[in-house]
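One letter stands for each residue in the lines below.
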Amino acid sequence: MTTSHWALPPPSFAPLIQDLEADTVVVGGGIAGVTTAYLLACEGQRVVLLERDEIGSGETSRSSAQLTASLDFRYFELAALHGEDRARLIARSHLEAVDEIERIASGERIACDLVRLPSFLFAPPEQQKDLMRELAAMQSAGLNVQMVDPPAGTLNLGPCLRLEHQAAFHPVRYLQGLAEAAQRRGAKIYTHSAVTSYDSTGVVTQNGARVHAAHVVLATNVPVADRVKFSFRLEPYRTYMISLDLTAAIEPGHYWDTVDPYHYVRLDGDLLLVGGEDHVVGRADDAEKRYRCLEVWAREHFPVGQRREAWSGQVENTPDGLAYIGESAGVYVVTGDVGNGLTHGTIGALVIRDLILGRENAWTELYDANRVPRGNRLEWLKEGITAAAHLGEWVTGGDDPTDIAPGEGAVIRQGIRKLAVYRDEHGELHTRSAMCPHFGCVVHWNTGEKSWDCPCHGSRFTAFGDLLHGPARTGLAAEDLSSDARTPD
Ligand SMILES: Cc1cc2nc3c(=O)[nH]c(=O)nc-3n(C[C@H](O)[C@H](O)[C@H](O)COP(=O)(O)OP(=O)(O)OC[C@H]3O[C@@H](n4cnc5c(N)ncnc54)[C@H](O)[C@@H]3O)c2cc1C
Ligand code: FES
């Protein structure tokens, strides 16, 4: 797996080994889960947080960490889908999430390099009309935005929309500081404690420990073990990031463009972090080409030198640009980050805290987890059909295991079986079933991350078949490669 710019040694928490009682059990140690645990602990609740790996081992640590109400969906799209009043509510919720993160970081003295800065949205010449439309939509959503000349030091950007008073931070320092603050306020945190089953009365971990709780919160980025409720309303995308040396000063800020797939840019000291080149998970295996495209694009728009880092991560899009937050079938969920998951995760924590405490929250209905989202239905229908088509891969051929280079994987056909075969750096083959345990699609090898990715609903597995990302609940099933296929002739 690639290492992100923000990687830090994780804080040390023990695994859960005995049964516990709690008011609320939170599953998932990313920004959504840790913020929920923190806010409820601040209200005096007995909170238990369970994390499968380490605090921050999910998408929060792979983010570009821009905290902003300048969203991946354009405001004119949001206004068309949800109406102007709701577009105002959407803008307000993201602005308040940024304020909440700043308030917590300052109140808990979390040294996470949080700074306030503007966001700049720019467009290629053929999309200037969209920029004007977006200016009007953002202003009517109540945002403090204006059209400005290209910011100092940038290259070929053209006019930009400048949104004031947004923010950036170090996501892993924030998350680790927040986990410590939650613990100080009484929350019990356990890592290496994957939840394997749950209902409205509690959860069970992989080693059989149970947490009985009045409230269960699934903050696992996508709900674990979900078969249909969310999987068919989410579209998982792989997104790519690189960092490059800045060779001259540019105006501090976040930068976005309007192309599809779009590019996003932030600064960290003398580095420019550039992201984009997204594709549906499992439907491309050309990471290095995508990193190179980001580099070419960065050189066209910013004064940059050598490339330093490259990594990728996963975002979950929804048809209407809003996360799903709230109660669903007896548990609480936060999912569907739409690339704005640091603010959506914080909004989720605020909404769920209020739902659990029986308080009014102005955003509950907006983000309702059970809504049938509006959006481009035809596109989503097409995606559903494409996902179904991936089930048809069962009848197609497969590679030859003798062709697999050390450190690579391939799907091999043996009789009626399809096998996910990985050859480790020492030449040894590791074989699992290529059938995704979620709904049975054939997984694809991801050369960039050395993982098996499912093209249907975005589950991911390590090279050895262990679960990395839901909605699947388990890893790839054990399988044997017949002995005559193991060695070259
Ligand atoms: C490259 C990139 C750039 C991004 N840029 C931005 C940005 O600029 N601004 C923004 O707002 N958002 C951005 N995002 C999105 C944002 O980073 C994520 O949406 C957000 O961090 C997700 O937080 P989370 O808590 O929902 O999930 P995660 O951080 O993924 O946390 C979920 C946790 O749940 C754990 N888990 C899963 N299953 C189980 C289980 N069964 N039992 C126990 N634990 C489990 C996982 O191990 C993980 O630690 C970006 C994302 C990427 C990939
Ligand atoms: S994630 Fe649904 S079939 Fe793999």
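Residues numbered from 1 in each chain as written. Chains lettered and ligands numbered in written order. Predicted model: local features only at pLDDT ≥ 70, side-chain atom pairs only at ≥ 80, totals over all residues. Heavy atoms only, no water.

Q: Residues and numbers for the site of ligand 1, please.
A: As a matter of local geometry, ligand 1 sits amid 38 residues, with Glu51, Glu59, Thr60, Ser64 and Gln66 nearest to it. Glu51 is positioned such that a nitrogen or oxygen atom in its side chain is 2.6 Å from an oxygen atom of ligand 1. Within the contact set of ligand 1, a nitrogen atom lies 2.8 Å away from a backbone nitrogen or oxygen of Gln66. About the coverage of ligand 1: the protein hides 96% of its 1000 Å² of free accessible area. (Near = heavy atom within 4 Å. Polar contact = N/O pair within 3.5 Å; in protein donor to acceptor, adjacent residues only side chain to side chain. Areas by Shrake-Rupley, 256 points an atom, 1.4 Å probe, with all protein chains shown as cover.)

Q: Let's hear about the state of the cysteines: which residues, and what values?
A: Simply put, the disulfide is a covalent bond whose two ends are the sulfur atoms of two cysteines. For the coordinates displayed, the defined rule picks out one disulfide. The disulfide partner of Cys441 is Cys456, and the S-S distance across this bridge is 2.0 Å. Note on the Cys441 and Cys456 pair: the S-S dihedral is about -85°, so by sign convention the disulfide is left-handed. Within this pair, whereas Cys441 is found in the loop between strand E20 (429-433) and strand E21 (444-446), its partner Cys456 is found in the loop between strand E22 (451-453) and strand E23 (460-462), the two being separated by 15 residues in sequence. There is no split in this pair, since Cys441 and Cys456 are both buried. (Disulfide = S-S within 2.5 Å. Helix = DSSP H or I, 4+ residues; strand = E, 2+ residues; numbered from the N terminus. Buried < 20%, exposed > 50% of the residue type's maximum accessible area, 1.4 Å probe, protein only.)

Q: Give a detailed account of unusual backbone geometry, specifying residues and quantitative values.
A: Cis geometry is found at the peptide bond from Asp260 to Pro261, where omega equals 0°. Among the secondary structure elements, Pro261 is positioned in the loop between strand E12 (254-257) and strand E13 (264-268). With an omega of 20°, the peptide bond running from Gly470 to Pro471 counts as cis. In this structure, Arg109 is a non-glycine residue whose phi angle is positive, near 50°.

Q: Run through the domain arrangement of the protein, naming residues and quoting values.
A: Along its sequence, the protein is organised into domain 1 (1-375) and domain 2 (393-485). Computed from C-alpha atoms alone, the centre-to-centre distance between domain 1 and domain 2 is 29 Å. In this assembly, 29 residues from domain 1 lie in contact with 22 residues from domain 2. When domain 1 packs against domain 2, the two sides together hide about 2100 Å² of surface, and 48% of this comes from carbon and sulfur. If you look at where domain 1 meets domain 2, you find one salt bridge. Note that Arg62 is salt-bridged to Glu449, the shortest N-O span being 3.6 Å. Inspection of the domain 1/domain 2 interface yields nine residue pairs in polar contact (both at pLDDT 80 or more). Of all elements in the fold, only strand E11 (235-246), helix H6 (287-301) and strand E15 (304-317) reach the threshold of two or more residues within the side of domain 1 that touches domain 2. (Domains from an automatic or database assignment. Contact = heavy atoms within 4.5 Å. Buried area = accessible area lost by both parts, 1.4 Å probe. Salt bridge = Lys/Arg side-chain N within 4 Å of Asp/Glu carboxyl O.)

Q: Could you give an account of the packing of aromatic side chains, naming the residues involved and the relevant values?
A: Applying the stated criterion to the full structure yields twelve aromatic pairs. Geometry around Phe76 places Arg133 over its ring, the cationic atom sitting 4.0 Å from the centre. One Lys or Arg, Arg233, reaches over the ring of Tyr324 and ends 4.5 Å from the middle of that ring. (Phe/Tyr/Trp six-rings, centres within 6.5 Å; stacked < 30°, edge-to-face > 60°. Lys NZ or Arg CZ within 6 Å of the ring centre and 35° of its normal.)

Q: Tell me about the sheet that holds E23, and please be specific about residues and values.
A: A sheet is described by the order of its strands in space; here four strands give the open sequence E21-E22-E23-E24, paired in antiparallel fashion. Looking at which strands have only one partner, the edges of the open sheet turn out to be E21 and strand E24 (467-469). Each neighbouring strand pair of the sheet contributes to a mean axis angle of 35°, computed without reference to strand direction. By the bridge criterion, three bridges tie E21 to E22 in an arrangement that is antiparallel. Bridge pairing links Trp445 to Trp452 in E22. (Pairing = 2+ DSSP bridges. Axes fitted to C-alpha atoms, helices over the stretch in contact; angles between N-to-C directions.)

Q: So what's going on with helix H7 (residues 341-357)? Residues and values would help.
A: Between its first and last C-alpha atoms H7 spans 23 Å; for 17 residues at 1.5 Å apiece the expected length is 24 Å, and the two agree. Downstream of H7 by one or two residues, Gly358 has phi in the positive range, about 70°. (Expected span 1.5 Å × (residues − 1).)

Q: Can you break down the environment of Gly305 residue by residue, with the values?
A: Take Gly305: it is sitting in strand E15. Separated by 58 residues in sequence, Gly305 and Thr247 have C-alpha atoms that sit 6.0 Å apart. When neighbours within four sequence positions are excluded, Gly305 is seen to be in contact with Leu244, Asp245, Thr247 and Arg299.

Q: So what's going on with the sheet that holds strand E19 (residues 417-423)? Residues and values would help.
A: With antiparallel pairing, the three strands of this open sheet are ordered in space as E18-E19-E20. What marks the edges here is a single partner per strand, and that holds for strand E18 (408-414) and E20. Direction aside, neighbouring strands of the sheet carry axes that sit 30° apart on average. As defined by bridge partners, E19 adjoins E20 across five bridges and the pair is classed as antiparallel. Considered in E20, the bridge of Tyr422 is made with His430.

Q: Before we move on, can you summarise the side chain of His301 with the specific residues and values?
A: Relative to the helices and strands, His301 resides in helix H6. Judged by its relative accessible area of 10%, His301 falls in the buried class. At a separation of 3.3 Å, a polar atom in the side chain of His301 contacts the side chain of Trp297. Contact partners of His301, with chain neighbours within four places excluded, come to Phe122, Thr154, Leu155, Asn156 and Leu157.

Q: Break down the packing of helix H3 (residues 84-107) against H7 for me, with residues and values.
A: Closest axis-to-axis distance for the H3/H7 pair is 9 Å, and the angle between their directions is 85°. Taken together, the axes of H3 and H7 lie roughly perpendicular to each other. Where H3 approaches H7, its residues Ser93, His94, Ala97, Val98, Glu100 and Ile101 are matched on the opposing element by Leu342, Thr343, His344, Thr346, Ile347 and Leu350. Residue composition of the contact of H3 with H7, grouped by class: six nonpolar, five polar and one charged. (Parallel < 35°, antiparallel > 145°, perpendicular 65-115°, else oblique. Nonpolar A, V, L, I, M, F, W, Y, C, P; charged D, E, K, R; others polar.)

Q: Let's hear about the side chain of Asn446: which residues, and what values?
A: Take Asn446: it is sitting in strand E21. The class for Asn446 is buried, based on a relative accessible area of 7%.

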